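Architecture and fold: a report
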Amino acid sequence: MDFAKARFNMVEQQIRPWDVLGFDVLDALMEIPRERFVGDKLQGVAYSDTELPLPNGAKMLEPKVVARLAQGLKLTKQDKVLEVGTGSGYATALLAQLAGEVVTCDVDAVQQNRAKAVLDGLDYRNVFYAQNDGLNSLSEGEPFDAIYVGGAVGDIPEILKKQLKDGGRMVIIVGGKPVQHARLLIRKGDSFEETVLFDTQVARLDDKGGSPFGDFAF
């Protein structure tokens, strides 16, 4: 399979039509080999517009959701980012391309180590790993310029808000069925400016009936 062509088609046919127009995000997506982040049997559909399963039972969301969330953060090489839920590592790679430093946390050590092996193989040296419940505990390195939460929650955790610098941004998907809202929060002193980026429907990170992290949105 011609992965370079599949990657180009993904960007042109899935990502751009979903209002992802930032050249930094588009260029990064053109460079990241998504096929490396999926199992061998799924490489043929690595660039399809659908969720893909991970070994721990969680899922990778469509690339367009990852791209739209990342675009919302407006990252620069001076930013330090917290990612809640390492999952496959695909979103981690995108954040690492856009930002100066990424701290990624996950409760599933086995899955995170799989992701780390791929990211190390691609020579991402600005990614640091933590095994914790990022929705309920502080992450080393706070405060952060940006926080990326790649799956849905019922409510925005206050502990994440506390870890944002003044002027810091967070993207997070909030709600349940039939619709969830991807939100952008910007800290302004002790208050937060909030904007809805788009509507979607993804698995929840705080669902006690399933895998709490993994790659619900990566």
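Everything here concerns the structure above.
Reference entry: report on the structure contained in this document. Please read all numbers here as calculations on a predicted model, not as lab measurements. (Residues numbered from 1 in each chain as written. Predicted model: local features only at pLDDT ≥ 70, side-chain atom pairs only at ≥ 80, totals over all residues. Heavy atoms only, no water.)

By secondary structure assignment, the location of Asp79 is in the loop between α3 (63-73) and β3 (80-84). Here the side chain of Asp79 touches Thr76 through a polar contact of 2.9 Å, landing on its backbone nitrogen. Other than its neighbours up to four places away in sequence, Asp79 contacts Lys74, Ala99, Gly100, Glu101, Asp145 and Arg169. (Helix = DSSP H or I, 4+ residues; strand = E, 2+ residues; numbered from the N terminus. Polar contact = N/O pair within 3.5 Å; in protein donor to acceptor, adjacent residues only side chain to side chain. Contact = heavy atoms within 4.5 Å.)

Of all 9 residues in strand β8 (residues 180-188), 7 are buried; the element is thus mostly enclosed. Pairing between strand β7 (residues 164-175) and β8: 7 bridges, direction antiparallel. Along β8, the bridge assignment pairs Met170 with Leu185. By the bridge criterion, 9 bridges tie β8 to strand β9 (residues 191-200) in an arrangement that is antiparallel. Bridging from a neighbouring strand, His181 pairs with Asp199 of β9. Connecting the antiparallel pair β8 and β9 is a turn made up of 2 residues, with Gly189 showing a positive phi of about 70°. (Buried < 20%, exposed > 50% of the residue type's maximum accessible area, 1.4 Å probe, protein only. Pairing = 2+ DSSP bridges.)

A separate point is the pattern of salt bridges. Counting across every chain of the model gives 10 salt bridges. Residue Arg16 is joined to Glu12 by a salt bridge in which the shortest nitrogen-to-oxygen separation is 2.9 Å. Of the residues examined, Glu12 reaches a relative accessible area of 31% and is grouped as partly exposed. Put simply, Asp120 and Lys116 hold a salt bridge, and the shortest N to O gap is 2.7 Å. Placement of both Asp120 and Lys116 in helix α5 (residues 109-121) is noted, with a separation of 4 residues, approximately one turn of the helix. Here Asp120 falls in the partly exposed class, since its relative accessible area comes to 39%. Here Lys116 falls in the partly exposed class, since its relative accessible area comes to 30%. (Salt bridge = Lys/Arg side-chain N within 4 Å of Asp/Glu carboxyl O.)

Take the side chain of Ser139 next. Looking at where Ser139 falls in the secondary structure, it is placed in the loop between β5 (127-130) and β6 (144-153). Excluding anything up to four places from it in sequence, Ser139 contacts Leu82, Cys105, Asn132, Phe144 and Gln163.

Evaluation of the coordinates by the stated rule reveals 2 aromatic pairs. Both rings, one in Phe37 and one in Tyr90, keep their centres 5.8 Å apart while their planes meet at 75°; by these two values the pair is edge-to-face. Linking Phe37 in the loop between α2 (23-31) and β1 (52-53) with Tyr90 in helix α4 (residues 90-98), this pair joins segments that are 53 residues apart in sequence. Looking at Arg68, its charged tip hangs above the ring of Trp18, at a distance of 5.2 Å from the centre. For Lys161, the ring lying beneath its charged end belongs to Phe192, and the centroid distance is 5.3 Å. (Phe/Tyr/Trp six-rings, centres within 6.5 Å; stacked < 30°, edge-to-face > 60°. Lys NZ or Arg CZ within 6 Å of the ring centre and 35° of its normal.)

Further remarks concern α2. Turning to α2, its buried residues number three or more, namely Val25, Leu26, Ala28 and Leu29. Buried residues along α2 cover an arc of 165° about the axis, so they all sit on one side. Of the exposed residues in α2, those oriented more than 90 degrees away from the buried face are Phe23 and Glu31. Those residues of α2 that are buried are in contact with α1 (3-15), α3 and α4. (Arc of directions from axis to C-beta.)

Attention now goes to unusual backbone geometry. Leave glycine aside and you will find that most residues have negative phi; peptide bonds, for their part, are mostly trans. Looking along the chain, the bond that leaves Glu142 and enters Pro143 is cis, with omega of 5°. Structurally, Pro143 is set in the loop between β5 and β6. With an omega of 5°, the peptide bond between Lys177 and Pro178 qualifies as cis. Checked against the element boundaries, Pro178 lands in the loop between β7 and β8.

Moving on to the sheet that holds β6. As summarised here, the arrangement of the 7 strands in space is β5-β4-β3-β6-β7-β8-β9, forming an open sheet in which the pairing is mixed. Two strands close off the open sheet at either side, each with one partner strand: β5 and β9. Adjacent strand axes in the sheet meet at a mean angle of 15° when their direction is disregarded. Examined bridge by bridge, β3 and β6 share 4 bridges and lie parallel to one another. Looking at the pairing, Glu83 lines up with Tyr148 of β6. (Axes fitted to C-alpha atoms, helices over the stretch in contact; angles between N-to-C directions.)

Structural measurements only, silent on function.
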